[in-house]
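Each chain is listed here by its residues.
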Amino acid sequence: MYKNYRVHVPATTANIGSGFDTLGIALGLYNEIEFYPDENCDLYDTELVIKGEGISEIFSNKENLILQAMDRVGKEVNQTIPGGVMKLLNRIPLARGLGSSSAALVSGAMLANQLTGNHLKKIDILRITAEIEGHPDNVAPAIMGGFCISLMDDNQAHIEKIDISSSWKAVVAIPDFELATEKARNVLPNQYERKDVIFNFSRISCLIAAITVGKPELLRYGMDDKIHVPYRIPLIPGAKEAMNNAITAKCYGVTISGSGPTLVAFSSKNEADDVGNAMVIGFSQSGVKAKYLVLDFDSNGATIEEIGG
Ligand code: HSE
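Because the structure is a prediction, the values reported are computed rather than measured.

1. Points about unusual backbone geometry
Backbone torsion omega between G260 and P261 reads 10°, so that peptide bond is classified as cis. Locating P261 in the fold gives a position in the loop between β8 (253-256) and β9 (263-268). One non-glycine residue with positive phi stands out, namely D21, at about 65°. Within the secondary structure layout, D21 lies in the loop between β1 (5-14) and β2 (23-42). For N118, which is not a glycine, the phi torsion comes out positive at approximately 60°. Relative to the elements of secondary structure, N118 occurs in the loop between α2 (100-115) and α3 (122-133). N118 gets classed as partly exposed once you look at its relative accessible area, which sits at 44%.

2. Side note on the pattern of salt bridges
Close approach of charged atoms allows side chains of opposite charge to pair. What the rule picks out here adds up to 13 salt bridges. Two residues, E34 and R6, come together in a salt bridge whose shortest N-O distance is 3.0 Å. With E34 in strand β2 and R6 in strand β1, this residue pair connects regions lying 28 residues apart in the sequence. Residue E34 is classed as buried on the basis of its relative accessible area, which comes to 15%. One salt bridge connects K195 with D196, and the closest N-O pair in it is separated by 3.7 Å. Taking the relative accessible area as the measure of exposure, K195 reaches 54% and is therefore exposed. When its relative accessible area of 11% is taken as the criterion, D196 is described as buried. Linked by salt bridges that have partners in common, R72, E76, D124, R127 and E131 make up one network.

3. Points about the nonpolar core
Residues I25, L27, M70, M86 and F266 are the most contacted members of the largest nonpolar core, which totals 65 residues. Looking at which element gives the most residues to this core, the answer is α2, with 9 residues. Look past the residues within four positions of F266 in its chain and what remains in contact with it is I16, I25, K169, A170, L219, M223, C251, Y252, G253 and F297. Counting residues in each nonpolar core, the second largest holds 24 residues, with A239, A249, I256 and M279 among its members.

4. Digging into the packing of aromatic side chains
Evaluated as defined, the whole model comprises 3 aromatic pairs. Between Y192 and Y231, the ring centres sit 6.3 Å apart and the planes meet at 70°, which makes this aromatic pair edge-to-face. With Y192 in the loop between α5 (181-186) and α6 (194-213) and Y231 in helix α8 (residues 229-232), the pair connects residues that are 39 residues apart, well separated along the chain. Residue classification places Y231 among the partly exposed residues on the basis of a relative accessible area of 30%. When the centroid spacing of 5.6 Å and the interplanar angle of 70° are considered together, the rings of F266 and F297 count as edge-to-face. Highlighted residues: F266 in strand β9 and F297 in the loop between β10 (290-295) and β11 (303-306), separated in sequence by 31 residues. For F266, a relative accessible area of 1% corresponds to the buried category. On the basis of relative accessible area, F297 is assigned to the buried category, the value being 16%. The residue whose ring lies beneath R203 is F199, and the NZ or CZ to ring-centre distance is 3.7 Å. R220 extends its terminal NZ or CZ atom over the ring of Y221, reaching a point 4.7 Å from the ring centre.

5. Topic: the environment of S18
Of note, S18 is situated in the loop between β1 and β2. Spatially, the C-alpha atoms of S18 and L207 are 7.7 Å apart, while their sequence positions differ by 189 residues. Not counting chain neighbours up to four residues away, the residues in contact with S18 comprise N200, R203, I204, L207, G222, M223, D224 and D225. Of the polar contacts made by the side chain of S18, one reaches the backbone oxygen of G222; its length is 2.7 Å.

6. Points about α2
Between its first and last C-alpha atoms α2 spans 23 Å; for 16 residues at 1.5 Å apiece the expected length is 22 Å, and the two agree. Where burial is concerned, most of α2 is hidden: 14 out of the 16 residues are buried. One or two residues past the end of α2 sits G117, with phi positive at roughly 100°.

7. So, the sheet that holds β10
Ordered in space as β8-β9-β7-β10, the 4 strands form an open sheet in which the pairing is antiparallel. The sheet terminates laterally at β8 and β10, the two strands that pair on one side only. The mean angle between the axes of side-by-side strands here comes to 20°, regardless of whether they run parallel or antiparallel. Pairing analysis gives 6 bridges linking strand β7 (residues 168-175) to β9, with the strands arranged antiparallel. Bridge assignment links A173 to a residue of β9, and that residue is L263. Sheet strands touched by helix α9 (residues 239-248): β8 and β9. Its angle to β8, the strand with the most contacts, is close to 165°.

Calculation notes
Residues numbered from 1 in each chain as written. Predicted model: local features only at pLDDT ≥ 70, side-chain atom pairs only at ≥ 80, totals over all residues. Heavy atoms only, no water. Helix = DSSP H or I, 4+ residues; strand = E, 2+ residues; numbered from the N terminus. Buried < 20%, exposed > 50% of the residue type's maximum accessible area, 1.4 Å probe, protein only. Salt bridge = Lys/Arg side-chain N within 4 Å of Asp/Glu carboxyl O. Core = buried A, V, L, I, M, F, W, Y, C linked by side-chain atoms within 4.5 Å. Contact = heavy atoms within 4.5 Å. Phe/Tyr/Trp six-rings, centres within 6.5 Å; stacked < 30°, edge-to-face > 60°. Lys NZ or Arg CZ within 6 Å of the ring centre and 35° of its normal. Polar contact = N/O pair within 3.5 Å; in protein donor to acceptor, adjacent residues only side chain to side chain. Expected span 1.5 Å × (residues − 1). Pairing = 2+ DSSP bridges. Axes fitted to C-alpha atoms, helices over the stretch in contact; angles between N-to-C directions.

All we've got here are geometric facts, nothing functional implied.
Below, the structure written as structure tokens:
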């Protein structure tokens, strides 16, 4: 007889400018997933009840990332994962660069791990979900919380988690259109000039120093990038204006969140609304509707609890 579980999983912002496919931060915006397993139901026959984001875009089939991750964990531990009823309260918008697919993978992996006796550690969940996602930078903070440096080495996952100053805010400006990660990866070159690689070495060093030493003035360098941002800006109408406006409104630094189209700026609490409004105005100058959210950083990562005790 299986128990019922609820998962809370945070949104994430990956890359933070210079840390392409390596750095990510967990944000205080959460999806909630409740799973009521039924041992007579096949995993891919699970009934989905969705509220919030993505109602018309998420289906219960082999494309569903939560079910895929559950299936993958089942194979890892040699157990069959049942289907059932899954209730999703989605607050993370889909395909906007805020880690919705990582949130789905992490929640599925955690549910399946719990249902099969909790044999996997967080680092195993990172390896499994990063393999499915193709890069570890969103799944790492979704699992661990905080600011995460993550890497895969010969199929082994590694994470270093660092807490971020709680006096900083993340201001995300979310435009009213989706951008598939695959499309945003396809515009990237296969080779880079040495000067661009050196540019990123210096910027990522500043970024890690800014976060570990708590020096926000280093973020304007640390969030700069020559590996992906310049190639993706043309895919996001209004992004250039929104980023310039955020700087004028005195953010610490601003960049594309993950593969976009959302932008993320860090700022003090006092400047956060000005920065958010400035970005929304920037998007509107290109005819793009956008909204902004002022978010705290999440320091716990995904959590799972039994429903009804
Ligand atoms: N590092 C990834 C990218 C994050 O920028 O393509 C998006 O999932």
